[in-house]
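Breakdown of the fold
Next come the chains, spelled out residue by residue.
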Amino acid sequence: MAYLNFSEVQGGTAAPAVTRPTAKSGFSALEWSVVAIAQKDRLGSLNKPGRMSVALGAIFGGFKGDPTLADPRLEALRRIAVLAWHHGYAVPRNEIHAFHATGYTAEQYETLMASISRGRSALNQGKRFR
């Protein structure tokens, strides 16, 4: 969906441009939604579906498609979030490297792991996590 600023045409003042902070240790709303969705993903979602599962899913239903995200950066975030939701801090080193290779910082990794750790703890205590 595109945005057109008609205030300049009508003689009004334009809205100020949004600036991003230089030192980024957090995530955008989209990135946090990927982390939240990853909570429900199974570990099997990290593997590409085989031809047999695709064929059986087409015949019998139940195949939901390839869960891989189109954006490689968001896919790296989803993969590490799925692993963290299932295994906590025991994330394979190659996944951490792939996470950093897509442009995420060490601070963002720490923020992600701390957030998921709190979420796992709240779920284990039977509390609702937000």
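The structure we're discussing is the one just above.
Quick summary incoming for the structure in this document. (Residues numbered from 1 in each chain as written. Predicted model: local features only at pLDDT ≥ 70, side-chain atom pairs only at ≥ 80, totals over all residues. Heavy atoms only, no water.)

1. Regarding the nonpolar core
The condition that has to hold: Grouping buried Ala, Val, Leu, Ile, Met, Phe, Trp, Tyr and Cys residues that are joined through side-chain atoms within 4.5 Å yields what is termed a nonpolar core. Residue exposure (1.4 Å probe, protein chains only): buried if accessible area is under 20% of the type maximum, exposed if over 50%, otherwise partly exposed. In this text, helices come from DSSP runs of H or I with a minimum length of four residues, and strands from runs of E with a minimum of two, each type numbered from the N-terminal end. Between two residues, a contact is recorded if the distance between any of their heavy atoms is within 4.5 Å.
Grouped together as the largest cluster of nonpolar side chains are 20 residues, with contacts concentrated most on Val35, Leu77, Val91, Phe99, Leu112 and Ile116. Elements that contribute at least two residues to this core include exactly α1 (29-38), α3 (72-87) and α5 (106-124). When residues in this core are grouped by element, the largest group, 8 residues, is from α3. Once you skip the residues sitting within four places of it in the chain, valine 35 turns out to touch Leu77, Ala81, Trp85, Leu112 and Ile116.

2. Quick look at the packing of aromatic side chains
Worth spelling out the cut-off: Aromatic rings from Phe, Tyr and Trp, with only the six-membered ring used for Trp, were paired whenever their centres fell within 6.5 Å, and each pair was classed as stacked if the ring planes differed by under 30 degrees, edge-to-face if by over 60, and tilted otherwise. Whether a charge sits over a ring comes down to the Lys NZ or Arg CZ being within 6 Å of the ring centre and within 35 degrees of the ring normal.
Summed over all chains, the structure comprises 4 aromatic pairs. Considering the side-chain rings of phenylalanine 27 and tryptophan 32, the 5.1 Å spacing of their centres and the 80 degrees angle between planes classify their relative orientation as edge-to-face. Judged by centre distance (4.5 Å) and plane angle (5 degrees), the ring pair of phenylalanine 99 and tyrosine 104 falls under stacked. Both residues of the pair, phenylalanine 99 and tyrosine 104, belong to the buried class. Pairwise contacts between aromatic rings join Phe27, Trp32, Phe99, Tyr104 and Tyr109 into one cluster. Above the ring of tyrosine 104, the side-chain terminus of arginine 73 is found at 3.9 Å from the ring centroid.

3. What about the packing of α1 against α3?
This is how it is decided: Working convention: axes come from line fits to C-alpha atoms, limited for helices to the stretch in contact. Angles between N-to-C directions cover 0 to 180 degrees. To sort the angles, those under 35 degrees are grouped as roughly parallel, those over 145 as roughly antiparallel, those from 65 to 115 as roughly perpendicular, and the leftovers as oblique. Left-handed describes a crossing in which the near helix is turned anticlockwise from the far one by less than a right angle; the clockwise case is right-handed. Three classes are used, and their members are as follows: Ala, Val, Leu, Ile, Met, Phe, Trp, Tyr, Cys and Pro are nonpolar, Asp, Glu, Lys and Arg are charged, and the others, Gly among them, are polar.
Running from N to C, α1 and α3 point in directions that differ by 40 degrees, and their axes come no closer than 8 Å. One way to sum up the angle between α1 and α3 is to call them oblique. Crossing handedness for the pair α1 and α3: right-handed. In this structure, α1 uses Leu30, Glu31, Val34, Val35 and Ala38 to contact α3, whose residues at the interface are Arg73, Leu74, Leu77, Arg78, Ala81, Val82 and Trp85. In the contact of α1 with α3, the residues fall into 9 nonpolar, no polar and 3 charged.

4. Considering the pattern of salt bridges
Stated formally: The term salt bridge refers to a side-chain nitrogen of Lys or Arg lying within 4 Å of a carboxyl oxygen of Asp or Glu.
Counting across every chain of the model gives 4 salt bridges. Its salt-bridge partner being glutamate 95, residue arginine 79 comes within 2.9 Å of it at the nearest N-O pair. Here the residue arginine 79 occupies a position in helix α3, and glutamate 95 occupies one in helix α4 (residues 93-101), the gap between them amounting to 16 residues. On the basis of relative accessibility, which here comes to 22%, the residue arginine 79 falls in the partly exposed class. Here the salt bridges share partners, and the residues they tie into one network are Asp41, Glu75 and Arg78.

5. Concerning the packing of α3 against α4
Look at α3 against α4: their axes get within 9 Å of each other, and the N-to-C directions meet at 150 degrees. In terms of crossing hand, the pair formed by α3 and α4 is left-handed. Side by side, α3 and α4 meet where Ala76, Leu77, Arg79, Ile80 and Leu83 of the first sit next to Glu95, Ile96, Ala98 and Phe99 of the second.

6. A look at α5
Which entries qualify depends on this criterion: To estimate how far a helix should extend, the number of its residues minus one is multiplied by 1.5 Å.
The end-to-end C-alpha separation of α5 is 27 Å, in line with the 27 Å expected for 19 residues at 1.5 Å each. Residues of α5 that are buried: Gln108, Tyr109, Leu112, Met113, Ser115, Ile116, Gly119 and Ala122. Of the surrounding elements, those touching the buried residues of α5 are α1, α3 and α4.

7. Concerning a nonpolar patch on the surface
The condition that has to hold: Residues qualify for a patch when their relative accessible area is over 30% and they have no salt bridge, like charges being joined within 9 Å and the nonpolar side chains of Val, Leu, Ile, Met, Phe, Trp and Tyr within 5 Å. To be clear on the numbers: accessible area is Shrake-Rupley with a 1.4 Å probe, and residue cover counts the displayed protein chains and nothing else.
On the surface, a nonpolar cluster with roughly 500 Å² of combined accessible area is contributed by Met52, Leu56, Ile59 and Phe60. Here leucine 56 shows up in helix α2 (residues 51-60).

Shape is all these values report; function is a separate question.
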